[in-house]
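Structural overview for review
Spelled out from the first residue to the last, the chains are:
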Amino acid sequence: LLLVDGLLSVAVLVTEDTRVLVGGYSLRAHYAVVALGALSTIFSLAGLIGMHDNHSSWVRIFAHFAVFRVLAVCLLITFDVLALRDCEPLAAFGGGLTSLSGNGYNAALEMVALTRTCGPTRFWYLTWGFLDVASSAYGAYTTYRWCHAIERGPAYHITLDETQPLRLYTGYMYPPSKPEPPA
């Protein structure tokens, strides 16, 4: 899930189509979303390799990143909701006024204002954001549990239900016992 989200976040550099899924409506958050997406891609691949090799330390590092990512996404959602709050006034003027604030031109917010979809965009962004945070938090918890199971438990249990040790055939005959001396 984080691998796909990371790839979608990096795709924001060339297309605005995935913006509602990954965020970045505020100018402060735009490049943070791309950086977080690139890190998500790298850590997700490292976690997959670690899981394939049963290398719990790599997977644990991914789990630590997942927790950091949950906190970062919550912060990004806060910035974006504050930016989307200014969408309706922009829509009233037909867009084109974000550069007048002195912070630069905000193409993502302008597109939402020009299409007059401020309310639905805000709703879907918050819905996807909540689902992202909830599933990422659950995924981090599950990843920590996997690491604990790999580190603390054996890979598999073998039980033979035997009360006596098994006698193994080695192909060699045991040497005969020494004869007792004549009495």
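Since the model is a prediction, treat every value here as computed from it, not as a measurement.

1. Here's the deal with empty space enclosed by the protein
- Taken as a whole, this structure holds 1 cavity of 30 Å³ or more when the rule is applied.
- Estimated volume of the largest cavity: approximately 130 Å³.
- Lining the largest cavity are 17 residues, and of these Asp5, Val22, Arg69, Val73 and Asp132 sit closest to its centre.
- Partitioned by chemical class, the residues of the lining of the largest cavity number 9 nonpolar, 5 polar and 3 charged.

2. Remarks on a nonpolar patch on the surface
- Where nonpolar side chains cluster on the molecular surface, the patch consists of Phe123, Trp124, Trp128, Phe130 and Leu131 and spans about 590 Å² of accessible area.
- Assignment of secondary structure puts phenylalanine 123 in helix α7 (residues 118-152).
- Take phenylalanine 123: its relative accessible area is 49%, and that puts it in the partly exposed class.

3. Observations regarding the packing of aromatic side chains
- In the structure shown here, the tally under the stated rule is 3 aromatic pairs.
- Seen in terms of ring centroids, phenylalanine 43 and phenylalanine 65 are 4.5 Å apart; in terms of plane orientation they differ by 10 degrees. Their pairing is stacked. Linking phenylalanine 43 in helix α3 (residues 27-52) with phenylalanine 65 in helix α4 (residues 56-84), this pair joins segments that are 22 residues apart in sequence.
- Phenylalanine 43 gets classed as partly exposed once you look at its relative accessible area, which sits at 25%.

Analysis parameters
- Residues numbered from 1 in each chain as written.
- Predicted model: local features only at pLDDT ≥ 70, side-chain atom pairs only at ≥ 80, totals over all residues.
- Heavy atoms only, no water.
- 1 Å grid on protein atoms, 1.4 Å probe; cavity = no way out; pocket = protein on both sides within 12 Å on 5 of 7 lines; lining within 4 Å.
- Points joined across faces, edges and corners; volume = space filled by probe spheres on them.
- Nonpolar A, V, L, I, M, F, W, Y, C, P; charged D, E, K, R; others polar.
- Patch = residues over 30% accessible without salt bridge, like charges linked within 9 Å, V, L, I, M, F, W, Y side chains within 5 Å.
- Areas by Shrake-Rupley, 256 points an atom, 1.4 Å probe, with all protein chains shown as cover.
- Salt bridge = Lys/Arg side-chain N within 4 Å of Asp/Glu carboxyl O.
- Helix = DSSP H or I, 4+ residues; strand = E, 2+ residues; numbered from the N terminus.
- Buried < 20%, exposed > 50% of the residue type's maximum accessible area, 1.4 Å probe, protein only.
- Phe/Tyr/Trp six-rings, centres within 6.5 Å; stacked < 30°, edge-to-face > 60°.

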